Amino acid sequence: MADQYAYSGDDKRPTEIPAIRWEEPPEGPVLVLLDQTRLPAEEVELVCTDAPALVEAIRSLAVRGAPLLGIAGAYGVALAAVRGFDVDEAAAALASARPTAVNLAVGVRRAQAAHEAALAEGGDIRQAAAAALAAARQLHREDAEASARMAEHGLALLDELLPGGGQRILTHCNTGSLVSGGEGTAFAVALAAHRAGRLRRLWVDETRPLLQGARLTAYEAARSGMAYTLLTDNAAGSLFAAGEVDAVLIGADRITADGSVANKVGSYPLAVLARYHHVPFIVVAPVTTVDPDTPDGASIEVEQRAGHEVTEFVAPQVPVTGADAGGGIPVAPLGTQAYNPAFDVTPPELVTAIVTEEGAVSPVTAEALAEVCGRSRRAAAG
C-alpha cells in the first residue's frame, strides 16, 4: 500500500500542487503523487516508496492521464533501481498496470533502457540507478516542453478554423496539468485560448462513470479563472443541436499507426456528433502517444474496468454505511451486470486534426502521422 497523508493548506504550500514529484527525504527517495481520486473535495498526496505502491496508484486512478502515466512509469523504474529492488520485475508490473495507455509502457522502457545501458557500459548499481532517474527527469522536462508547444499549435489551428475568437469548446475527461508535466494536452489549448481572450465558453463533459470532467477538469478550469459550464455526457447532443459548440478538443491514450484514437469512453459519440453537425473534432496528444506498432483501432486492447464503478456511486469525503466491496452507494439492483470499458476508439476519418508538439496533422493519415513521428525522432537525435 502507498503511504498517504493529507495536506491542510496551513503549511503555505504553493497554490498549484504538482501532480507528481520526486523527493529524497532522509529515509530514502520517494515518488509523491497528488491523489486525483480525492479531488476536488480535498488535496491529498500519496507517497510511494516502491513500484507496487505506484502500480496500485495507477490502477486506482490516483495518478492517470497518458503523458503523466509515462512520467510515473519512468520514475517508478528509477524508484526500484535507487531502492535496490528488481528493476525488470518492477518494469514489467508497471508497464502492464493499464494496458491501453501507451505512454506508460514508453516511459517504463525509457528508464529501463537507461538503466541497462549504464550497466552494459560498466557502471555499478548506483550509477545505473542514477541513469534511470536522469531518464525519468528528462522525460518529465520534455513533456512540459511538449505541452507548451501543443498549446501553441492548437491555438493556431483554432484561429485558422474559427477566426474571430468567441470560441465555445467542448472537452471530455481531463487533459490539464493533472495529466502532464506541463499544462496538459487538450486543456492546455483551451487555456491558451482563454489567456488570449478567445475562449467564450468551455463546455465540460462530466465523464461518467468516474466523473473526471466534473471532478478534475472543472477543478482546473475554476482555478484558472476560465468561463466553463458542466454538463452530463448525454446532454452533449442537445448542445450541438442548439449550435452551441464550435470545436471539440480531447486528448488520447493511444493513437494507432492509421490515426485511430483511443480515449476516455464517450469520445467516439462526440466525434459522431461533431461530424454530423460540421464541428471540428481535434485530438491533442504528444508524439509519444502515437503507437506505430499498433496498426489500427481494432488492434487496441481496451481496458475493461470493474462493474461496481457503474453500479455504485462514490463521492469524495462522503462516508458510506452498509456499502459492499466496491465502497460506494448502490444505484442499481444487487447483481446487476455492468459494461464498463475505460476507453473507446474513434476512427481517423472522424478526426479533423491531431495536434502534437511537432505540429498539426490534418487530414489524419498513416503517412502524415509517420512523418510527424519521424520528425520528432530526428529532432531528439540531433
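Residues numbered from 1 in each chain as written. Predicted model: local features only at pLDDT ≥ 70, side-chain atom pairs only at ≥ 80, totals over all residues. Heavy atoms only, no water.

J.: I tried to follow the overall build of the protein on my own but got confused; where do I start?
T.: Counting secondary structure elements, the protein contains 11 helices and 17 strands. In terms of overall dimensions, the protein has C-alpha extents of about 65 × 60 × 45 Å along its principal axes. Among the 382 residues that make up the protein, the fraction classed as buried is 52%. Taking all contacts inside the protein whose residues are at least 6 apart in sequence as the whole, residues at least 24 apart take part in 75%. (Helix = DSSP H or I, 4+ residues; strand = E, 2+ residues; numbered from the N terminus. Buried < 20%, exposed > 50% of the residue type's maximum accessible area, 1.4 Å probe, protein only. Contact = heavy atoms within 4.5 Å.)

J.: I keep staring at the environment of G328 and nothing clicks. Help me out?
T.: The topology assignment puts G328 in the loop between strand 13 (312-313) and strand 14 (329-330). With a relative accessible area of 0%, G328 lands in the buried category.

J.: Is there a simple way to explain a negative patch on the surface in this structure?
T.: On the surface, D86, D88, E89 and E116 cluster together into a negatively charged patch. By the element assignment, D88 lies in helix 3 (residues 87-95). D88 gets classed as partly exposed once you look at its relative accessible area, which sits at 45%. (Patch = residues over 30% accessible without salt bridge, like charges linked within 9 Å, V, L, I, M, F, W, Y side chains within 5 Å. Areas by Shrake-Rupley, 256 points an atom, 1.4 Å probe, with all protein chains shown as cover. Salt bridge = Lys/Arg side-chain N within 4 Å of Asp/Glu carboxyl O. Lys, Arg positive; Asp, Glu negative; His and termini not counted. Charge placed at Lys NZ, Arg CZ, Asp CG, Glu CD.)

J.: So what exactly am I meant to see when it comes to the sheet that holds strand 15 (residues 343-346) here?
T.: The strands making up a sheet associate through hydrogen bonds between their backbones, and the pairing can be parallel or antiparallel. Across the sheet, 4 strands lie side by side as 12-9-10-15; this open sheet has mixed pairing. Lying at the two open borders of the sheet, with one neighbouring strand each, are strand 12 (290-291) and strand 15. In this fold helix 9 (residues 267-276) packs onto strand 10 (261-264) and strand 15, with an angle of close to 30 degrees to the strand it touches most, strand 15. (Pairing = 2+ DSSP bridges. Axes fitted to C-alpha atoms, helices over the stretch in contact; angles between N-to-C directions.)

J.: Mind showing me how you'd approach the pattern of salt bridges here?
T.: For the structure on display, the rule yields 16 salt bridges. Between E142 and R110 there is a salt bridge, and its shortest N-O distance comes to 2.8 Å. Of this pair, E142 sits in helix 5 (residues 125-161) while R110 sits in helix 4 (residues 102-120); the two residues are 32 residues apart in sequence, bridging distant segments of the chain. With a closest N to O distance of 3.3 Å, R168 and E244 form a salt bridge. With R168 in strand 5 (residues 167-171) and E244 in the loop between helix 8 (236-241) and strand 8 (247-250), the pair connects residues that are 76 residues apart, well separated along the chain. A relative accessible area of 13% places R168 in the buried class. In this structure, a network of salt bridges that share partners links the residues R98, E303, R305 and E309.

J.: Can you help me understand the confidence of the model for the protein in this one?
T.: Parts of the model with low pLDDT should not have their predicted coordinates read in detail. Residue-level pLDDT values for the protein average 91, and 92% of them are 70 or greater. In this model, residues 1-15 is a region of pLDDT below 50 whose contacts with residues beyond four sequence positions or in other chains number 28 contacts. In this model residues 318-325 is a low-confidence stretch, pLDDT under 50, and it forms 5 contacts with partners more than four residues away in sequence or in other chains. (pLDDT = per-residue confidence, 0-100.)

J.: Mind showing me how you'd approach the pairing of strand 6 (residues 199-205) here?
T.: Each regular strand displays side chains that alternate between the two surfaces of the sheet. For strand 6, the tally of buried residues reaches 5 of 7 residues, placing the bulk of the element in the interior. As defined by bridge partners, strand 5 adjoins strand 6 across 5 bridges and the pair is classed as parallel. Residue pairing across strands places I169 opposite L202, the latter belonging to strand 6. Since strand 5 and strand 6 lie parallel, the crossover through helix 6 (residues 186-195) that links them has a hand, and here it is right-handed. When strand 6 meets strand 7 (residues 228-231), the two strands line up parallel, connected through 4 bridges. Across the sheet, L202 pairs through a bridge with Y228, a residue of strand 7. Following the chain from strand 6 across helix 7 (residues 212-223) to the adjacent parallel strand 7, one finds a crossover that is right-handed. (Right-handed = clockwise from strand over helix to strand, strands pointing away.)

J.: Please explain the pairing of strand 2 (residues 20-23) as it appears in this structure.
T.: With 4 bridges joining them, strand 2 and strand 3 (residues 30-34) adopt antiparallel strand pairing. Looking at the pairing, E23 lines up with V30 of strand 3. Taken together, strand 2 and the strand that follows it, strand 3, pair antiparallel across an intervening segment of 6 residues, in which G28 is found at a positive phi of about 125 degrees.

J.: Just checking my understanding: could you explain the environment of A130 for this structure?
T.: Assignment of secondary structure puts A130 in helix 5. The exposure class assigned to A130 is partly exposed, which follows from its relative accessible area of 45%. Separated by 10 residues in sequence, A130 and A120 place their C-alpha atoms 14 Å apart.

J.: Could you clarify how one ought to interpret the side chain of N263 in this entry?
T.: In this fold, N263 is placed in strand 10. A distance of 2.8 Å separates polar atoms of two side chains, one belonging to N263 and the other to S267. Apart from residues no more than four positions distant in its own chain, N263 is found in contact with I250, G251, A252, D253, A342, F343 and D344. (Polar contact = N/O pair within 3.5 Å; in protein donor to acceptor, adjacent residues only side chain to side chain.)

J.: What exactly am I supposed to notice about helix 3 here?
T.: Because the α-helix completes a turn every 3.6 residues, residues three or four places apart line up on one side. For helix 3, every residue scored as buried is listed here: V87, A90, A91 and L94. Viewed end-on, helix 3 has its buried residues packed into an arc of 100 degrees, placing them on one side of the element. Looking at the packing, one finds that the buried side of helix 3 touches helix 1 (51-59), helix 2 (66-82) and helix 4. Where helix 3 begins, the side chain of D86 points an oxygen toward the backbone nitrogen of D88, at a separation of 3.1 Å. (Arc of directions from axis to C-beta.)

J.: Even after reading the chapter, I still don't get the nonpolar core, so can you show me in this structure?
T.: Buried together is how nonpolar side chains tend to be arranged in soluble globular proteins. Judged by nonpolar contacts, the single largest core of 40 residues is most densely connected at L31, L33 and L54. The set of elements that each furnish at least two residues to this core consists of strand 2, strand 3, strand 4 (44-48), helix 1, helix 2, helix 3, helix 4 and helix 5. If one sorts the elements of this core by residue count, helix 2 sits on top with 11 residues. Filtering out sequence-adjacent residues up to four positions away, L54 remains in contact with L31, L33, C48, V63, A72, G76 and L94. Core analysis: the next-biggest nonpolar cluster, separate from the first, contains 29 residues, F240, V279, V283 and L350 among them. (Core = buried A, V, L, I, M, F, W, Y, C linked by side-chain atoms within 4.5 Å.)

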